[in-house]
Amino acid sequence: MFNRTVATFSIVAYDPHSGDLGVAVASKFLAVGSVVPWARAGAGAVATQARANIAYGPDGLALLERGRSAQEALDQLLASGLGDIGGSVVRLPDDGPQG
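Structure report, in brief. Per chain, residue numbering runs from 1 following the sequence as it is written. Local features are withheld for residues below a pLDDT of 70 in this predicted model, meaning they are given only at 70 or higher, and side-chain atom pairs are given and counted only at 80 or more; totals for whole chains, interfaces and linings count all residues. Hydrogens and waters are ignored; side-chain quantities use all the structure's heavy atoms.

**Looking at the overall build of the protein**
So, step 1. In DSSP terms, a helix is any run of H or I states spanning at least four residues, a strand is any run of E spanning at least two, and both are numbered starting from the N terminus. Along its length, the protein carries two helices and five strands.
So, step 2. Expressed as a percentage of the 99 residues in the protein, the buried residues total 30%.
So, step 3. Residue contacts follow a heavy-atom distance rule, with two residues in contact if any of their heavy atoms lie within 4.5 Å. Relative to all contacts within the protein whose residues are 6 or more apart in sequence, the contacts with residues 24 or more apart total 40%.
So, step 4. A total of about 6,100 Å² of accessible surface is found on the protein, and carbon and sulfur atoms cover 55% of it. Think of it in three bands: with a 1.4 Å probe and only protein chains considered, a residue is buried below 20% of the maximum accessible area for its type, exposed above 50%, and partly exposed in between. Here the open area of atoms and residues is found with the Shrake-Rupley method and a 1.4 Å probe, where only the protein chains shown may cover a residue.

Structure, rendered in structure tokens:
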């Protein structure tokens, strides 16, 4: 019997030398690019996948834009009552990783 593994891969990256920020996703699922990667100049980038709550994208970017750290934005999203993450979320503010 052939066992197939289904996976979606996301990456959020920041180049401190150029200031470039990006997010990308690869998956077998059609149109995954409309629900996983989110980015906004001056705010940051968000990737959410696996039963993604698409509100985490724009809401997370809005929090980052208002100056929340990546961890503060994630904590606030999870406490907002939008539901369990049920997958994974990556956050990276525009100026790179923050503690």
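**Things to note about helix α1 (residues 56-65)**
So, step 1. Listed as buried for α1 are Tyr 56, Gly 57, Gly 60, Leu 61, Leu 63 and Leu 64. All buried residues of α1 fall inside an arc of 160° around its axis, so they share one side.
So, step 2. Where α1 terminates, the next one or two residues include Gly 67, which has phi positive at roughly 95°. The arc in question is the one spanned by the directions pointing from the helix axis to the C-beta atoms.

**Focus: the packing of α1 against helix α2 (residues 70-79)**
So, step 1. Following both chains from N to C, one finds α1 and α2 inclined at 135°, their axes separated by 9 Å at the closest point. Relative to α2, α1 is oriented oblique. Relative to α2, α1 is oriented so that their crossing is right-handed. Each of Tyr 56, Asp 59, Gly 60, Leu 63 and Leu 64 in α1 lies in contact with α2, whose residues at this interface are Ala 70, Ala 73, Gln 76, Leu 77 and Leu 78.
So, step 2. When residues are sorted by character, Ala, Val, Leu, Ile, Met, Phe, Trp, Tyr, Cys and Pro go into the nonpolar class, Asp, Glu, Lys and Arg into the charged class, and all the rest, Gly among them, into the polar class. Looking at the contact of α1 with α2 residue by residue, the classes come out as seven nonpolar, two polar and one charged. Each axis is a line fitted through C-alpha atoms, and for a helix only the stretch in contact is used; angles between axes span 0 to 180 degrees, taken between their N-to-C directions. Should an angle fall under 35 degrees it is called roughly parallel, over 145 degrees roughly antiparallel, and 65 to 115 degrees roughly perpendicular, with every other angle called oblique. By definition, any crossing whose near helix is turned counterclockwise from its far helix by less than a right angle is left-handed, and any crossing with a clockwise turn is right-handed.

**Brief notes about α2**
So, step 1. Of the residues making up α2, those classed as buried are Ala 70, Ala 73, Leu 74 and Leu 77. Taken end-on, α2 shows its buried residues confined to a sector of 95°, consistent with a single buried face.

**So, the nonpolar core**
So, step 1. The biggest cluster of nonpolar side chains holds seven residues, and these are Val 46, Tyr 56, Leu 61, Leu 63, Leu 64, Ala 73 and Leu 77.
So, step 2. The leading source of residues in this core is α1, at four residues.
So, step 3. One finds Val 32, Val 36, Ala 45 and Ala 47 within the second-largest nonpolar core, a separate group that totals five residues. We define the nonpolar core as a collection of buried residues of types Ala, Val, Leu, Ile, Met, Phe, Trp, Tyr and Cys that are connected through side-chain atoms lying within 4.5 Å of one another.

**Quick notes on the pattern of salt bridges**
So, step 1. A pair is scored as a salt bridge if a Lys or Arg side-chain nitrogen falls within 4 Å of a carboxyl oxygen belonging to Asp or Glu. Tallying each qualifying case throughout the model produces one salt bridge.
So, step 2. A salt bridge links Glu 65 to Arg 40; the nearest nitrogen and oxygen atoms lie 3.1 Å apart. Residue Glu 65 is found in helix α1, and its partner Arg 40 is found in strand β3 (residues 37-40); the two are separated by 25 residues along the sequence.
So, step 3. When its relative accessible area of 44% is taken as the criterion, Glu 65 is described as partly exposed.
So, step 4. By relative accessible area, Arg 40 is classed as partly exposed at 30%.

So yeah, pure geometry; function would need other evidence.
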